[in-house]
Structure formats: C-alpha cells, structure tokens
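Coordinate analysis (summary)
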Amino acid sequence: MPIYSALRSLWHVFKHTFRRPITVQYPEERPRIPPRWRGRIILSRDPAGGERCVACYLCSAACPVGCIALQAAEDEHGRRYPAFFRINFSRCIFCGYCEEACPTRAIQLTPDFEMCEYDRQNLVYEKEDLLISGPGKYPDYDFYRVAGVAVGVKDKGAGERELPPVDVRSLLP
Amino acid sequence: MTIAFYLASAVAIAATIMVITRRNVVHALLYLILSLLAVALMFFALGAPFIAALEVMVYAGAIMVLFVFVIMMLNLGPAGVAQERAWLPPRMFVGPAILAAILLADLLVLLAGNPASAGQPQVVAPKAVSLALYGPYLLAVELASLLLLAGLVGAYHLGRREPKKEND
Amino acid sequence: MTEPWRSLVVIVGVLAIALLVIMAQVWLERRIIARWQDRRGPNRVGPFGLLQLIADVIKLFTKEDWTPPFADRPVFVLAPAVVMTAGMMSFAVIPFAPTIGIVDLNIGLLFFLAMSSMGVYSVVLGGWASNSKYSLLGGMRAAAQMLSYEVFMGLSLAGVVALAGSFSLRDIVEAQRHGWFIVPQALGFVVFLIAGIAETHRLPFDLPEAESELVAGYHTEYSSMKFGMFFVGEYVGIALVSAMITTLFLGGWLGPWLPPLAWFGIKTFFFMCFFYLMRGSLPRPRYDQLMAYGWKLMLPLAMLNLLVTGAFLAAR
C-alpha cells in the first residue's frame, strides 16, 4: 500500500489552503483581453467614412463553416458593395480566416466575446449590426488609395489628384 | 416495556408470515430482516440490550447482507418468482402448519401447567454477559469458536485455486 | 419543564441541527475543495454562496421523480429511506456535551455499529431494485466492501472499549479525562478512520459509485429527492463518522476554556475537513486492492491492536 505517496499527496493538497485562488471573478472583475483576440466580427469603414467591403466573396469562401453570406451590388459609379452581409454567429468558430482573406481589411475580429442570446435567431447578424462607424484596427488604411478606382469614364489612377496604381509585380519602389 | 414487547412480537410474527408467503426472494429476505429487527427489539424490551445490538449487527446486519448478496449474484428475476409459485402451492403449508400447531399446543399446555416465574425483566449489562460467557460457559464459547474455525478452513479449501496440472 | 417534553425538545433540536450541519457540509465541502484546487467554489447565491444549498434543495425537489418501469418499485422507494433513517438514528447515542444528547445507552457503541450495518442495505437494495447493470454492480461492490470493512471497524473499537471498560459513549468520553485514546489507540484510530471512509463509501473508497467506471453506481437510476436522500445519507455518514472519531479517540467534549459543545464541534469539523481532503487528493484503489487492504492489512492490524491492548490491560 503506497502509504508514503498517499500522505505526501494529502500534504501537497493541504498546502493549497494558503494559496490565493486563481479564478477571475468574471462579471465584476474583467480579464485583460489582448487586442488581436478573435472575438465578435465587424465590418469597418475607411478613414473617409466609406464602406471598405467590396463584396469580393473571399471571406465567404474562406469561411470553414460557411457562416458568412453576402450579395454583391454596384453603386452608380461602378463601385462594388455588399447589398446584404450576414454572419451566423451560432455557426462561427472565430477562426479569423475571413479577416486573413479580406483584401480591403473590411472584415475584422474584435476583442469582444459577450454575445449571449436567449434566442438562437438573434445570433444571425445583418449588415447594419456588423458595420461600425470607424476604421477598426487599421486607422490609416484605405484600399482605394493603394489600388485606385475606375469610375466609368476614367481608368484607375487617371483622375485628378490621383496616383497611378502601384505595380505589385515590380520590385522597384 | 410490556406494550413494546407485544408490539415487537406482533411485528415479528407478521413479518415471519410474510417471509414464508412471498414469491420474490428478495422481498422475503427483507421481511426476514424486519423479523430479526423485531426480535432484537423484543430482547431489548426484556432487558438484554447487548443481545439486541448483537442480533441487529450479526444477524440482520451481516448474515442477511450475505444472503442478499448471494441472491443478487444469482439474479433470479421473474423466472425465479414463477418457480417459487410452482413449488409452493398452498397445500404445501398444510403439513408444517399441523406440526407447528401441535408444538404450539404443547407449549400452551406447558405454560398453563407451570405458571412462569416471569418476574420483572432485569437489565443485563454487557459486562455480565461477557462474565457469563467466559466464566461458566467458557467451554461452549470455545466449542463455537472451534466450529467457526472449521467453517473457515472449509471455506478456504473450497475457495482455493487449484494448482495447474502438469499434463493438461 | 417536564421530562418527556424536555427529551422531545432535545430530540427535535439534535435532529434539526444535525440536518442543518449535514446540508451545510455540501456547501463547506465544495468551498474547501475549491480552495485546495485554487478555485473559489460556489459564491454567487447569497453571502459567500451560503444559500447555494437552499437552491440545490429546491432544484432537487422540483426535479422529475422518476421510477424506472423495470425497477422493483417498493424496494426502490424503500432503499433511500433506509440510509437516512439509519444514519440519523445513530445520532441518538452520540453525546454532544455532558448534558446534551438524546439517550445514553449502555450499548451505545454497539448501537452505532448496528445502525451502520443497517445502512448497508440501502445501498445494496437500491442497487438491486434499480434492475440495471451498473446499479447492480455498484450494489454488489457495496455489499462486499461495507461488509468487510464493518468487521474490523468493530474490531478496531474493541481496544477503546477495553480501555474504557464500557460500551456507553458517555463513559468512554469520561474515561479520556486523563488523556485521549488517540495516543494509546493510535493503531485502532487509523483502522477506524479508514474503515469509516469505506463504510460511508466516500472517496477514495467510493467504489460502489465510481463515476468513471459505473456511471453513478448504485444510484444511477435515482432522481429527484430519492437521489437527494442518498446524497444526504452520504453526508450523514461523514458527520457521523467524524462525530464518532471525536467521541471515541479525541475525548469528545473534553477540552479547556471553551464550552464542551464548542470542543465537540471543533473536533468534528476537523475530521469532516479531513474527509474532504481525502476526497481532494487521493485516487481510488482498484476493487481487489481495496479488499486486499481490508482483509490482509486492516484485519491483522486491528487484531494486533486488540491483542496489545489486552496484554497491556492484563499486565496492569
């Protein structure tokens, strides 16, 4: 009979009487959440206030559980935007692949995890629930400043006060 | 104490009748335990608390648990109840009942002819019991322990694992 | 106050306080084990989570009281009642203080042993009456385990009885006025403690339940208050064994400065905490190991203890 080991484990457990609990008392005491935490998904705007999302479907394609649904549309200048954008958070696994796939940094994950609902249907977020008024994690980034935008009569970089688009295949600065 | 005694006796008799009429073995055993508890209470009422406690501990507590244990192992189920029913039709009780009635009559005659020297029940302390056991009844105690030892050896022999034979 | 009224008050008072202590144990155990595991335990319902037990009782009461159709109904209902009754009955003989205590039987110790042997039935019959595999396995384990450990539970106490010269718990406490029996009866104390754990089928000797092996063992099929009674019965067992250890080996109510009842409470509390500590730190032995410890280690130890005590008394 392993008497010694039994007594030793009794003693080791007893010593914990004088330790502080490591539990975080959640609602009163908030844990510190790092900024790159993968929580609730949002759609951000560029610094000028326009929607960043160009409805390219890459996030929807990258999503492993298929919880993102959207419909592309074009405004009068030929600029694409999502007519609706829907994320079913009861399916979402917060993997962050959509954020990685997004070419315009429109879709972002935020350090917010308090998304409980009594009704499962309420976990389906529409575009107006997702779209925030700010630029999110990338305050200065504006996709069209880099990529240029073609609007009907003018090609990319052909407008006033506009630079030609960056040739991404060139190594020259 | 007299009321308690007669109440306990009534319970004991009723429980014992239930024991022999139950078809389900476990139910019968439960009634037997109840009967033993009632007997213990009778001992207590008669001023023998030591024997009462031993009755509960040894008979109701230990031996009956073994019975229950064995019956649980056998796992009789409804088939067992049916078998009991087949084996114990009411006419089986006639013979034992007549014999028991003769004994009862015998006892009643003896009691009537010899008014008991019942007297007031006297409480027997555990110490008195042990003094009696290891004084005048020492031989009986030793004999009983010898019997138990024989039982122990027998159980060991039955439960012994046979050494493997060479040419098997 | 006349005599019958006084005893009625004492009986009701002891029952009520015992029940309260038993219920409070559920909270205490959860808090203390949480402490040992660097957690906090229940602290939401009421101050320090004290009302948790009320919430639990309400929950148990309002759950569906289901009797399986395949169960042996009368026995199934009887089994949980037996454990409660046997446990609470034993409190009758425990002397809490010189003047507090329901009855002073001259066979008090035997009464306790008798009641604890009655408690075996509830587990065994509960397991059998449920008529399901895991319950039956739990019941069988319980029968063998509790029967074996009962044997040397009694034997380990023989030394105490020999030293005190009485079965009455009050006399046993009085006999410890000049030194607690834990010193001369250290071996008996250890054997009784281990047998007490096995008898209440608490961890680490919870083989009749053994969640990881037998679902919930003998009470797999029980729900609602029937389960609640098994649950409470277990805590009755803890309180009872702690109180018995206090009475038999630690001088019961004896102690300086504080009132007798306080001493009794402190000692009993200490042993309850020890029970929780065992639960929090020791793994469950295998079944054959348990039986081997019992018959090959505990029984000889208890015998040796009795022999040495007897020789000492004879020599004196």
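Read on for a plain summary of the structure. Here the residue numbers are simple positions, counted from 1 along each chain's written sequence. Lettering for chains starts from A, numbering for ligands starts from 1, and both go in the order in which the items are written. With the structure being a predicted model, the display of local features is reserved for residues of pLDDT at least 70 and the display and counting of side-chain atom pairs for 80 or more, all residues being used for whole-chain, interface and lining totals. Side-chain metrics in this entry use all non-hydrogen atoms of the structure; hydrogen atoms and water are not considered.

1. Here we look at the overall build of chain A
Short version of the rule: Numbering goes from the N terminus for both helices and strands, where a helix is a DSSP run of H or I of at least four residues and a strand is a run of E of at least two. Here the globule rule reads 2.2 Å times residues to the power 0.38, and the radius of gyration is calculated from C-alpha atoms. Here's how the labels work: a residue is buried when its accessible area is under 20% of the maximum for its type, exposed when over 50%, partly exposed in between, all with a 1.4 Å probe on protein chains only. We call two residues in contact whenever any of their non-hydrogen atoms come within 4.5 Å of each other. The Shrake-Rupley method, run with a 1.4 Å probe, gives the accessible areas here. Residue values count only the displayed protein chains as cover. Note that His is not counted, nor are the chain ends; the positive residues are Lys and Arg, and the negative ones are Asp and Glu. Charged side chains are reduced to one point each, which is NZ for Lys, CZ for Arg, CG for Asp and CD for Glu.
When helices and strands are counted, chain A shows 5 helices and 5 strands. Expected size for 173 residues packed as a compact globule is a radius of gyration near 16 Å; at 24 Å, chain A overshoots this value by more than 25%. Viewed in the frame of its principal axes, chain A has a C-alpha envelope of about 90 × 45 × 30 Å. Out of the 173 residues belonging to chain A, those deemed buried represent 29%. Partitioning the intrachain contacts of chain A with sequence separation of at least 6 by distance along the chain shows that 70% fall at a separation of at least 24. With an accessible surface of roughly 12000 Å², chain A has 55% of that area assigned to carbon and sulfur atoms. Positive and negative side-chain charges of chain A, numbering 24 and 22 respectively, have mean locations separated by a distance of 10 Å.

2. Thoughts on the packing of helix 2 (residues 25-45) of chain B against helix 4 (residues 108-129) of chain C
Between two packed helices, what matters for the description is the angle formed by their axes and the separation of those axes. Rule in force here: Fitted lines through C-alpha atoms serve as axes, helices being fitted only where they are in contact, and the angles separating the N-to-C directions of these axes extend from 0 to 180 degrees. Any angle that falls under 35 degrees is termed roughly parallel, while one over 145 is termed roughly antiparallel, one within 65 to 115 roughly perpendicular, and all others oblique. The classification used treats Ala, Val, Leu, Ile, Met, Phe, Trp, Tyr, Cys and Pro as nonpolar, Asp, Glu, Lys and Arg as charged, and all other residues, Gly among them, as polar.
Look at helix 2 of chain B against helix 4 of chain C: their axes get within 13 Å of each other, and the N-to-C directions meet at 170 degrees. One way to sum up the angle between helix 2 of chain B and helix 4 of chain C is to call them roughly antiparallel. Across the interface between the two elements, V26, L30, I33 and L37 of chain B of helix 2 of chain B pack against M118, Y121, L125 and W128 of chain C of helix 4 of chain C. Here the contact of helix 2 of chain B with helix 4 of chain C is composed, by residue class, of 8 nonpolar, no polar and no charged.

3. Notes on the layout of surface pockets
In plain terms, the rule: Note on definitions: the grid is 1 Å and covers protein atoms alone; a cavity is a set of points where a 1.4 Å probe fits but cannot get out; a pocket is an open set with protein on both sides within 12 Å along at least five of seven lines; lining residues have an atom within 4 Å of a point. Grid points are joined across faces, edges and corners, and a volume is the space filled by probe spheres set on the points. An automatic or database domain assignment is the source of the domain bounds shown.
Within this model, the largest pocket holds a volume of roughly 2300 Å³. Broken down by secondary-structure element, the contributors of at least two residues to the lining of the largest pocket are helix 3 (49-74), helix 6 (126-134) and helix 7 (138-159) of chain B together with helix 4, helix 5 (133-164) and helix 11 (287-315) of chain C. Tallying contributions element by element places helix 7 of chain B first for the lining of the largest pocket, with 11 residues. When the residues that make up the lining of the largest pocket are grouped by side-chain class, the tally is 36 nonpolar, 7 polar and 5 charged. Mapping the lining of the largest pocket onto the domain boundaries places at least three of its residues in each of domain 1 (2-122) and domain 2 (125-168) of chain B. Roughly 1000 Å³ of volume is contained in the second largest pocket. Lining the second largest pocket we find 39 residues, and of these I33, L34, L37 and A38 of chain B together with M118 of chain C sit closest to its centre. By residue number, the principal contributor to the lining of the second largest pocket is helix 2 of chain B, which donates 11 residues.

4. Observations concerning the sheet that holds strand 3 (residues 80-88) of chain A
Residues and elements named next belong to chain A. Filter applied, for reference: At least two DSSP bridges between two strands are needed for those strands to be called paired.
Taken in spatial order, the 3 strands line up as 2-3-5 in an open sheet, and their pairing is antiparallel. Bordering the open sheet on either side are strand 2 (68-74) and strand 5 (124-125), each of which pairs with just one other strand. For strand 2 and strand 3, the ladder comprises 7 bridges, and the chain directions are antiparallel. From the neighbouring strand, A69 faces strand 3, where its bridge partner is R86.

5. Concerning the packing of helix 7 (residues 186-199) of chain C against helix 11 of chain C
Residues and elements named next belong to chain C. Our working rule: Working rule for handedness: look at the near helix, and if it is turned counterclockwise from the far one by less than a right angle, call the crossing left-handed; if clockwise, right-handed.
Helix 11 packs onto helix 7 with a crossing angle of 145 degrees between their chain directions and a minimal axis gap of 9 Å. Considering how the two elements wind past one another, helix 7 and helix 11 form a crossing that is left-handed. Within the contact between the two elements, helix 7 uses L187, G188, V191 and I194 and helix 11 uses M298, L301, A302, L304 and N305. Split into classes, the residues belonging to the contact of helix 7 with helix 11 amount to 7 nonpolar, 2 polar and no charged.

6. Some points on the pattern of salt bridges
As a reminder, the rule being used: Counted as salt bridges are all cases of a side-chain nitrogen of Lys or Arg within 4 Å of a carboxyl oxygen of Asp or Glu.
One pass over the structure, following the stated rule, counts 17 salt bridges over all chains. The shortest N-O distance in the salt bridge between E126 of chain A and R86 of chain A comes to 2.8 Å. Within this pair, whereas E126 of chain A is found in the loop between strand 5 and helix 4 (127-130), its partner R86 of chain A is found in strand 3, the two being separated by 40 residues in sequence. Residue class for E126 of chain A comes out partly exposed when judged on its relative accessible area of 23%. For K226 of chain C, the salt bridge goes to D65 of chain C, with nearest N and O atoms at 3.0 Å. Remark: D65 of chain C occurs in the loop between helix 2 (52-62) and helix 3 (73-90) and K226 of chain C occurs in helix 9 (residues 224-249); sequence separation between them is 161 residues. Residue class for D65 of chain C comes out partly exposed when judged on its relative accessible area of 45%. Ionic contacts of the salt-bridge type, sharing partners, join the residues E29, R202, E234 and R279 of chain C into one network.

7. Regarding the side chain of S166 of chain C
All names here are of chain C. Put simply, the test is: Distance and chemistry together define a polar contact, namely a pair of N or O atoms within 3.5 Å, with one atom able to donate a hydrogen and the other to accept it when in protein, and with adjacent residues in sequence counting only for side-chain atoms on both sides.
By secondary structure assignment, the location of S166 is in the loop between helix 5 and helix 6 (169-175). A distance of 2.9 Å separates a polar side-chain atom of S166 from the backbone nitrogen of S168. A distance of 3.1 Å separates a polar atom in the side chain of S166 from a polar atom in the side chain of D171. Residues in contact with S166, not counting those within four places in the same chain, are V161, D171 and I172.

8. Section: the packing of aromatic side chains
Keep this limit in mind: Aromatic pairing here means that ring centres of Phe, Tyr or Trp (its six-membered ring) are within 6.5 Å. Orientation follows from the plane angle: under 30 degrees is stacked, over 60 is edge-to-face, and everything else is tilted. Two conditions define a charge sitting above a ring: the NZ of Lys or the CZ of Arg must be within 6 Å of the ring centre, and it must be within 35 degrees of the ring normal.
A full pass over the atoms with the stated rule returns 22 aromatic pairs over all chains. Joined through ring pairs, the aromatic side chains of F112, F189, F192, F249, F270 and F271 of chain C make up one cluster. Sitting over the ring of Y138 of chain A, R105 of chain A keeps its end group 4.5 Å from the ring centre.

9. Considerations on the interface of chain A and chain C
Threshold: Accessible area that two parts lose when put together, evaluated with a 1.4 Å probe and summed over both, is termed the buried area.
In this complex, chain A contributes 17 residues to the contact, which on the side of chain C involves 15 residues. In this assembly, chain A packs against chain C so that about 1600 Å² is buried in total across both faces, 57% of it on carbon and sulfur atoms. Where chain A meets chain C, there are 2 salt bridges. Between D38 of chain C and R19 of chain A there is a salt bridge whose closest N-O contact spans 3.7 Å. Linking chain A with chain C are 7 residue pairs in polar contact (both at pLDDT 80 or more), by the criterion used here.

10. Some words on empty space enclosed by the protein
A probe as big as a water molecule, rolled over the atoms, marks out the empty space that is left. All names here are of chain C. Applying the stated rule across the entire model yields 3 cavities of 30 Å³ or more. Taken together, 21 residues make up the lining of the largest cavity; nearest its centre are V83, E199, T200, G233 and G237. Elements represented by at least two residues in the lining of the largest cavity include exactly helix 3, helix 4 and helix 9. With 7 residues, the top contributor of residues to the lining of the largest cavity is helix 9. Each residue belonging to the lining of the largest cavity can be placed in one class, and the counts come to 11 nonpolar, 8 polar and 2 charged. Estimates place the volume of the second largest cavity at around 80 Å³. Within the lining of the second largest cavity, the residues separate by chemical class into 12 nonpolar, 1 polar and no charged.

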